[in-house]
Amino acid sequence: MTRSLLLTLTLVCLASANPYFDDDWRAQEMEEYLLQRTAEQVIPLEDQTFNTDDQGIGQVSGVDVDSNGGLYVFHRADRPWNSETYQPMTNILTDAAKVPINKDTILKVDAASGRIQSSFGKDMFNVPHGLKFDAHDNMWVTDVGRHQVLRFPKGTTTPDLVLGEKFVPGNDNAHFCKPTDVAIASNGDFFVSDGYCNSRVVKFSSSGQVLTQWGTRRTSGDLTPFTLTIPHSITLIEELDIVCVADRENGRALCYNAGLKNANTTGNFNRTLIPQMDIGKVYAIYYSKAEQEVVAAGLLSDIPTMEEGLPFYPSRAFTYDLEGRLLNSWAYITPEVAKNGPSLIHDLCTSRDGQDFFLADLDQQKVYKYSKKWPSIVG
């Protein structure tokens, strides 16, 4: 699909949200109005000069940028998570899956071109999942096969902190069960979303000691702010002293007091950031401090569909303000995107200035780049 057609699709979507035009407006006047409205909302468009294809990248599970704008990708190489990864009806890896992936799984990628610049992680991971940087450029990753959280100091390839017992799932202070993501405060405290088989958030001190935890699995009855079904992604909004969690299977994102200013409030429910099923299953959330907004990956559908006889191109990414208001939706699954098969955004992040967006597509095994910098990407 051409860039002009992508722009047209964006304009059409805006038109549906702004249907009030003067009856006497000509087509050119209507187009100029829509361009102005689009510019006001600054909806990201795909940067088609960025391309991670044909570099041996597998299922992309995590993505983040460091303080210098370096883009890092966590992927599963030639080892997809599938029905042969875990022993039947357990959270324990099969013998074959216990053999570490024999390829580099952490990639530094040029944020402009998408080309791999360096890599490491060979024979270190089994089922890669989340990746985050803290304020000091320490890299944090989670492995849902090893049931571990690991921290790599800036510029190193050896972890200085490993939490969780390798290959042993659990729900006490020494174990995780498929931990999904990490959010790190400026004082070194950090939060782990845990995870696929635990339904909790665990807060740790900077030294790795458990401070508190909250969240339970829903067994019956109505949802509460504390019943989580696969807390899949976590982000910290430190200015508001809240930590927000993507409650994936319940299709919502919830925020709790982080307790960085007052430890006695830690874990108290604060607000709903994304209402239930507003954007389908919520796979990822990421706070852009520069733009004071949260971007989210939602799954409305992984392919284009038909609704009431008309084609529907589902959005894959959404922008919310900090009060939980949907600002815009974007990254549509157009026919061009669908040529590569189903598309599922598993994780996403923004550049430090909040102008560029990187979307980790698990199914298409690539990273998409979107940008608010229109002149540089639209011909």
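Residues numbered from 1 in each chain as written. Predicted model: local features only at pLDDT ≥ 70, side-chain atom pairs only at ≥ 80, totals over all residues. Heavy atoms only, no water.

A. Examining the overall build of the protein more closely. Within the protein one finds 4 helices and 26 strands. Across the 379 residues of the protein, 54% fall into the buried class. For the protein, the exposed area adds up to about 16100 Å²; of that, 49% sits on carbon and sulfur atoms. (Helix = DSSP H or I, 4+ residues; strand = E, 2+ residues; numbered from the N terminus. Buried < 20%, exposed > 50% of the residue type's maximum accessible area, 1.4 Å probe, protein only. Areas by Shrake-Rupley, 256 points an atom, 1.4 Å probe, with all protein chains shown as cover.)

B. Structural view of the state of the cysteines. This structure, assessed with the given rule, holds 2 disulfides. There is a disulfide in this structure between C177 and C197, and the S-S distance comes to 1.8 Å. Disulfide C177-C197: torsion about the S-S bond near -100°, hence left-handed. Placement of the pair is C177 in the loop between β9 (161-163) and β10 (179-184) and C197 in the loop between β11 (190-194) and β12 (200-204), with a sequence separation of 20 residues. What connects to what in the protein, once the bonded cysteines are numbered by sequence position, is 1-2, 3-4. (Disulfide = S-S within 2.5 Å.)

C. Inspection of the sheet that holds strand β22 (residues 315-320) at higher detail. Taken in spatial order, the 4 strands of this open sheet run β18-β19-β22-β23, and their pairing is antiparallel. If you trace the sheet from one side to the other, it starts and ends with β18 (281-288) and β23 (326-332), each paired once. Direction aside, neighbouring strands of the sheet carry axes that sit 20° apart on average. In terms of strand pairing, β22 meets β23 through 5 bridges, oriented antiparallel. Pairing of F318 across the sheet is with S329, part of β23. (Pairing = 2+ DSSP bridges. Axes fitted to C-alpha atoms, helices over the stretch in contact; angles between N-to-C directions.)

D. Expanded view of the side chain of N250. Of note, N250 is situated in the loop between β15 (242-247) and β16 (252-257). When sequence neighbours within four positions are dropped, the list of residues in contact with N250 reads R218, L223, T227, L228, T229, Q276 and M277. (Contact = heavy atoms within 4.5 Å.)

Geometric values such as these leave the question of function open.
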